[in-house]
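Understanding the architecture of this molecule
What follows is each chain in one-letter form.
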Amino acid sequence: MQDGFKELNNTICKQTVLRRYAAAFAYVFVCNVILPADVIAAPEEIQVYLDDFAEVGKPGLDLHTNYVPSGQQSTDHQFRFTPELSYGINTNWEAAAYFLTVRDPGETLETNGVKIRARWRPQVPSVDSPFYWAVNFEAGRLAKVFYQDEASAEIKLIGVWKTGPWTLGMNFNLDRSLKNHPAEAATTEIDTKIAYQLREGLQAGIENYSFLGAVNGDFGQPQSNQANYLAADFNLGKWDINVGIGHASGRSPDNTVLKAIIGVPF
């Protein structure tokens, strides 16, 4: 009898957590996607982190690319290319490095900075639970034209909920300068993704990147910008591909952006 009550109590708790997570996701999604708003997605990496993870003891390579067919003078017809090399340390940790490059019209490809990151998860995804979470730590040295303080750091909280053909993902990012007396204020961003599996190896959905602005309320910093993407995830043999077309508004210099993330098999 006691075992029965415990099982019933556990079921009720799981359902309560599920409803709260769904409500939180719905709130962010409605406020940032359906309702009008003014984020600028990270130009080197337009991606919502989900439950993908590097295999233990194996290297990985993702090619992040995006192109601005319509933007302001500073980014119009700009092409960005960022290789990401990753390595699975064990089942709980992976490490990676990004090499940021950009090509303006009529120019050659130029280096825009380097970032390194480490991602930790308490456990691997399980079919017994729809929930998954992880934490990503990142530090980088960026070109001054892109980031005034040059040295930056980020903590990314990752949450994923999968049920049937649906995948819901949410990232909360806290970015700040690594300088003692920074010119740039610490900022926050919420990125969300809702995707539906149309068939094996093919998903379609919406990605939203919502830059919430400076933590200290410094209105001299960019505030409440937004970018929305129609995106698809699919496989071509062993290649994993994410493509999307998006529109940025607010303080972002990008208007329309085409993006692709190509997972290269080894």
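Computed from a predicted structure; not experimentally measured.

Attention now moves to the side chain of Asn173. Within the secondary structure, Asn173 is located in strand β7 (residues 166–177). In this structure Asn173 comes out as buried when scored by relative accessible area, which is 2%. Here the side chain of Asn173 touches Asp191 through a polar contact of 3.2 Å, side chain to side chain.

Attention now goes to the side chain of His64. Tracing the sequence through the fold places His64 in strand β1 (residues 59–71). Among the polar contacts listed, one links the side chain of His64 to the side chain of Glu84, at a separation of 2.8 Å. The contact partners of His64, leaving out residues within four places of it in the chain, are Glu44, Glu45, Gln47, Arg80, Phe81, Thr82, Glu84, Tyr98, Ala260 and Ile261.

What follows deals with the sheet that holds strand β11 (residues 239–249). If you walk around this closed barrel you meet the 12 strands as β1-β2-β3-β4-β5-β6-β7-β8-β9-β10-β11-β12, and the pairing is antiparallel. On average, each strand axis in the sheet is tilted by 20° relative to the strand beside it, whichever way the strands run. Two elements, β11 and strand β12 (residues 254–264), share eight bridges in a ladder whose sense is antiparallel. Bridge pairing in β12 places Ile245 opposite Leu258.

Reading the values: rules and limits
- Residues numbered from 1 in each chain as written.
- Predicted model: local features only at pLDDT ≥ 70, side-chain atom pairs only at ≥ 80, totals over all residues.
- Heavy atoms only, no water.
- Helix = DSSP H or I, 4+ residues; strand = E, 2+ residues; numbered from the N terminus.
- Buried < 20%, exposed > 50% of the residue type's maximum accessible area, 1.4 Å probe, protein only.
- Polar contact = N/O pair within 3.5 Å; in protein donor to acceptor, adjacent residues only side chain to side chain.
- Contact = heavy atoms within 4.5 Å.
- Pairing = 2+ DSSP bridges.
- Axes fitted to C-alpha atoms, helices over the stretch in contact; angles between N-to-C directions.

Don't take any of this as a statement about function, it's just geometry.
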